[in-house]
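# Geometric and topological summary
Below are the chains, spelled out letter by letter.
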Amino acid sequence: MLLNCGQPLPLLRDTDVPPRVIENFILTGYRFPNYSLRDCLLSAFRPTNETGNFWTHFLPVFIFLYYFVEVFGWEGAPHGDAPFFYPLWNYFIGVFCLLMASSMAHLLNSMSLVVREVCFFVDYGTISSYTVGSSLAYYYYIHPRAGIVEPGSRNGSHMDLKLEHAPPTSSYAIPDFCVFFETFYIPSACIVAIICVVSCCNTRQRWRRHRYVIRTFVFLLPFLISSTPIFYRLLTRSPYSTTSSSFAASASMASLFYRHCLWLLVSAVFNISKFPERLSPGCFDIWGHSHQWFHCCTFLSILDELHMIKTEVRAILLSPTLLLPPDILSRLSGPTIASTYGVMFLLQTTIISIIVWFSWHANRIYGPQRDQLAKEHPKKPLKCH
């Protein structure tokens, strides 16, 4: 056993660990790269240079869950397993997997060099899955045609009265976007997500010198693709009548999106600049280094995104028609298992295949180094006195 009698393994300096493990400007607090699973789990409760990285994405899981479940208690909301909420649940899956994979990657990456590579391959994969989960939520709740009544449809005198306040006949203020939204939006999000996984995994085996810049800018592309419905809304108008409660409910969408972008920008700055540890190497090894701030800002961006999606969900619930299949009054066909969970399943299958391929390649590269480390540092039990 590497750990006996409750005695933690000593933390090491950057000069005592393999070059692969060293982070820029972090000089101390390294765990030895042959920890057991038990040692890794226990290290969450001792100050190492990964402890803050773990907690800054593990604790937010519960904060996100607290704000997420609020939607299901709203008046007029369908049951939590209704098709209307399929996109929201896929968004939840994306965020949950991202936060958990990131926290576990930072906690478990000292088991071996190969495990370290696999942990971060999975981390990149869940980031891409999250972007597609966001795209599904945007498509069904912020899409230009989401919740808009088909002109000429009638469903009784009560609906006739509501249709008097329906939006204009054309559901697209910019008709050229019609084909993109209806045909290419979700497939584009999936293709870009796959490209991002491949690119980020490659930065662990190639392009090492500029890896942080590449990873940061690679994920700018899925952000631009996924946010297309929001850009469209900001450039045109709300699909809801200005006198309706739906319009008032979605009024804060723009400010929430701007905050979401601001937090993403700040997180990118931290990730690329390596501030503040760049200014004083060794002073922020345990607490306060850039990756912890990167995690915090990333989560704040996700939280604002959640609030933004919730405002649009509330707006649709307050509109004359709900986005529920087989509601013939909606211009946008409602979410189905195939169009939400099916999309995520196919994406996850593809991403897992990519991760397996890169993991196999990493094992070929770092497997011999792992075996050499095991010979140089045999697992001797610590004696109790």
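Refer to the structure presented above.
These figures come from a predicted structure and were not determined experimentally.

Next up on the list: the overall build of the protein chain. Looking only at helices and strands, the protein chain features 13 helices and zero strands. Along the chain direction, N to C, the helices and strands of the protein chain fall in the order α-α-α-α-α-α-α-α-α-α-α-α-α. Summing over all exposed atoms, the protein chain offers an accessible surface of approximately 17800 Å²; the carbon and sulfur share of this is 68%.

A complete count under the given rule lists six salt bridges for this structure. The closest approach of N and O atoms between Glu117 and Arg20, which form a salt bridge, is 2.8 Å. Residue Glu117 is found in helix α4 (residues 113-141), and its partner Arg20 is found in the segment before α1 (37-42); the two are separated by 97 residues along the sequence. When its relative accessible area of 0% is taken as the criterion, Glu117 is described as buried. Among the ionic pairs, Arg116 bridges to Glu23, the shortest N-O distance being 3.0 Å. Here Glu23 lies in the segment before α1 and Arg116 lies in helix α4, a separation of 93 residues in the sequence. Using a relative accessible area of 3% as the deciding quantity, one classes Arg116 as buried. Glu23 sits in the partly exposed class, given a relative accessible area of 27%. Each of Arg20, Glu117 and Arg204 takes part in one network of salt bridges that share partners.

It is worth spelling out the side chain of Ser250 at this point. Inspection of the secondary structure assignment puts Ser250 in the loop between α10 (245-249) and α11 (253-273). Residue class for Ser250 comes out buried when judged on its relative accessible area of 7%. Apart from residues lying up to four places away in sequence, Ser250 is in contact with Ser238, Tyr240, Thr311, Glu312 and Ala315.

Thresholds, definitions, all that
Residues numbered from 1 in each chain as written. Predicted model: local features only at pLDDT ≥ 70, side-chain atom pairs only at ≥ 80, totals over all residues. Heavy atoms only, no water. Helix = DSSP H or I, 4+ residues; strand = E, 2+ residues; numbered from the N terminus. Areas by Shrake-Rupley, 256 points an atom, 1.4 Å probe, with all protein chains shown as cover. Salt bridge = Lys/Arg side-chain N within 4 Å of Asp/Glu carboxyl O. Buried < 20%, exposed > 50% of the residue type's maximum accessible area, 1.4 Å probe, protein only. Contact = heavy atoms within 4.5 Å.

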